[in-house]
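Descriptive structure summary
So you can see what is in the structure, the chains are spelled out below.
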Amino acid sequence: MDRDERLAALSSFFACGPAEAERLGDAMAFVVYRHNQILVHQGDIGAKVWIVLEGQAQLKVIGSDGQVQLLMAHGPGELFGALPHERVFVSDVVARDRIAVLEIPSSKLGVLVQEEARIGSGLAMILARQYHAALDRMAARITLSATGRVCAELLNAAGGGDFISPPPVVAALGLMAQTTRETASRAINGLERRGIVQRDAERLTIVSRRMLEELIV
C-alpha cells in the first residue's frame, strides 16, 4: 500500500479532508506484521495507537481455566492501543494472518485531536462504531447458541458479499465465535451438508444468506 492509498484510507476512516489526512499520515509509521506476530504483550506498558489498514489484530487473554480467550478483534478502519495516554495492556495483541497498520504515539494522536476538530470527530465516530460492535458481540455471546455465533461470524467476515477468501481457518473461527474448534468444525460441516455454504481451497461461498441468517439463534 503506497502513501496515496494510505492517505485515502485515513480520509475515509476519519471522514476528514486531504489536509487532515496528510497530518495524520505524517505522524504515523506504516508497519506490516506477519501471522501470529505479537504487537504487544499482556502486562506491557504501551504508549502507541494502531489503525488497521489490512488484516485483523486479535486481543487475546488467558482465562481462569488456562484457555486462550478472544477479547476483541479489530479489522480495517478500526483502532486500538493506549488511549488517551499510556496504559498497561490487559491482553496480548496478535496479528491474524498478515496485517498492515499505521502506528502513532498516543501523545501525538492526542495533539492532533486537540488541534484538528475533524480528526477529533472522526476518532469519536470510529470509537462509537467499535463500541456498538463490542456490544453486539457481548449480546451474541449471551443470547446465541455456539452454532448461531459461528453463523454470525461467517456473515460478518463476508461483509456485504457472499465470499470469504481465503476461507476462514476453523480454529480462528471458533475463537472469534468464542467456542471450541470442534464445535466450529461441526457447524461448518453441517452448513456444507445442507448446501448453505461451499468450501474449497480458495474461498468459502455463502450459497444461501437467508438460510444462514435464520440459523443465528
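Thresholds applied
- Residues numbered from 1 in each chain as written.
- Predicted model: local features only at pLDDT ≥ 70, side-chain atom pairs only at ≥ 80, totals over all residues.
- Heavy atoms only, no water.
- Patch = residues over 30% accessible without salt bridge, like charges linked within 9 Å, V, L, I, M, F, W, Y side chains within 5 Å.
- Areas by Shrake-Rupley, 256 points an atom, 1.4 Å probe, with all protein chains shown as cover.
- Salt bridge = Lys/Arg side-chain N within 4 Å of Asp/Glu carboxyl O.
- Buried < 20%, exposed > 50% of the residue type's maximum accessible area, 1.4 Å probe, protein only.
- Pairing = 2+ DSSP bridges.
- Helix = DSSP H or I, 4+ residues; strand = E, 2+ residues; numbered from the N terminus.
- Expected span 1.5 Å × (residues − 1).
- Arc of directions from axis to C-beta.
- Polar contact = N/O pair within 3.5 Å; in protein donor to acceptor, adjacent residues only side chain to side chain.
- pLDDT = per-residue confidence, 0-100.
- Phe/Tyr/Trp six-rings, centres within 6.5 Å; stacked < 30°, edge-to-face > 60°.
- Axes fitted to C-alpha atoms, helices over the stretch in contact; angles between N-to-C directions.
- Parallel < 35°, antiparallel > 145°, perpendicular 65-115°, else oblique.
- Left-handed = near helix turned anticlockwise from the far one by under 90°.
- Contact = heavy atoms within 4.5 Å.
- Nonpolar A, V, L, I, M, F, W, Y, C, P; charged D, E, K, R; others polar.

This part covers a nonpolar patch on the surface. A surface patch of nonpolar side chains, about 220 Å² in accessible area, is lined by Met 1, Phe 30 and Val 32. A relative accessible area of 36% places Val 32 in the partly exposed class.

Spatial ordering of the open sheet is given by β9-β11-β10, a layout of three strands whose pairing is antiparallel. The open sheet has two edge strands with one neighbour each: β9 (163-164) and β10 (197-199).

The subject of this paragraph is helix α1 (residues 3-14). Structurally, the α-helix is built with 3.6 residues per turn, so residues lying three or four positions apart point the same way. With 12 residues, α1 ought to run about 16 Å at 1.5 Å a step, and its terminal C-alpha atoms sit 16 Å apart, in line with that. Considered for burial, the residues of α1 that qualify are Arg 6, Leu 7, Ala 9, Leu 10, Phe 13 and Phe 14. On an axial view of α1, the arc spanned by its buried residues comes to 160 degrees, and they lie on one face. Away from its buried face, by an angle of more than 90 degrees, α1 presents the exposed residues Asp 4 and Ser 12. With a side-chain oxygen lying 3.3 Å from the backbone nitrogen of Asp 4, the N-terminal cap of α1 falls on Asp 2.

Before going further, it helps to examine the confidence of the model for the chain. Chain-level pLDDT for the chain is 91 on average; 100% of the residues reach the 70-or-more range. The lowest-confidence element of the chain is helix α6 (residues 170-176), averaging 83 in pLDDT; the highest-confidence one is strand β1 (residues 29-33), averaging 96.

A side chain of one charge can pair with a side chain of the opposite charge if their charged atoms are brought near each other. Taken as a whole, this structure holds 10 salt bridges when the rule is applied. The closest approach of N and O atoms between Glu 103 and Lys 48, which form a salt bridge, is 3.3 Å. Of the two residues, Glu 103 is situated in strand β8 (residues 92-105) and Lys 48 in strand β4 (residues 48-62); the sequence distance between them amounts to 55 residues. Across the salt bridge formed by Asp 162 and Arg 209, the nearest N and O atoms sit 3.5 Å from each other.

Throughout the structure, instances matching the rule amount to two aromatic pairs. Here the aromatic rings of Trp 50 and Phe 80 are separated by 5.3 Å at their centres, their planes lie at 15 degrees, and the arrangement is stacked. Residue Trp 50 is found in strand β4, and its partner Phe 80 is found in strand β6 (residues 79-81); the two are separated by 30 residues along the sequence. By relative accessible area, Trp 50 is classed as buried at 4%. Residue classification places Phe 80 among the buried residues on the basis of a relative accessible area of 5%.

All right, on to the pairing of β8 then. Across five bridges, the pairing between β1 and β8 is antiparallel. What sits directly across from Val 32, in β8, is Ala 100. In this structure, strand β2 (residues 38-40) lies alongside β8, joined through two bridges in antiparallel fashion. Paired with Ile 38 across the two strands is Val 94, which belongs to β8. Both β4 and β8 contribute to a ladder of 11 bridges, which runs antiparallel. Pairing of Val 49 across the sheet is with Ile 104, part of β8.

All right, on to the packing of helix α5 (residues 146-158) against helix α7 (residues 181-193) then. Running from amino to carboxyl end, α5 crosses α7 at an angle of 70 degrees, the nearest separation of the two axes being 9 Å. In terms of their interaxial angle, α5 and α7 are classed as roughly perpendicular. Of the two possible hands of crossing, α5 and α7 adopt the one that is right-handed. Here Ala 146, Thr 147, Val 150, Cys 151 and Leu 154 of α5 lie close against α7, whose contacting residues are Thr 183, Ala 184, Ala 187, Ile 188 and Leu 191. Class assignment of the residues belonging to the contact of α5 with α7 gives a composition of eight nonpolar, two polar and no charged.

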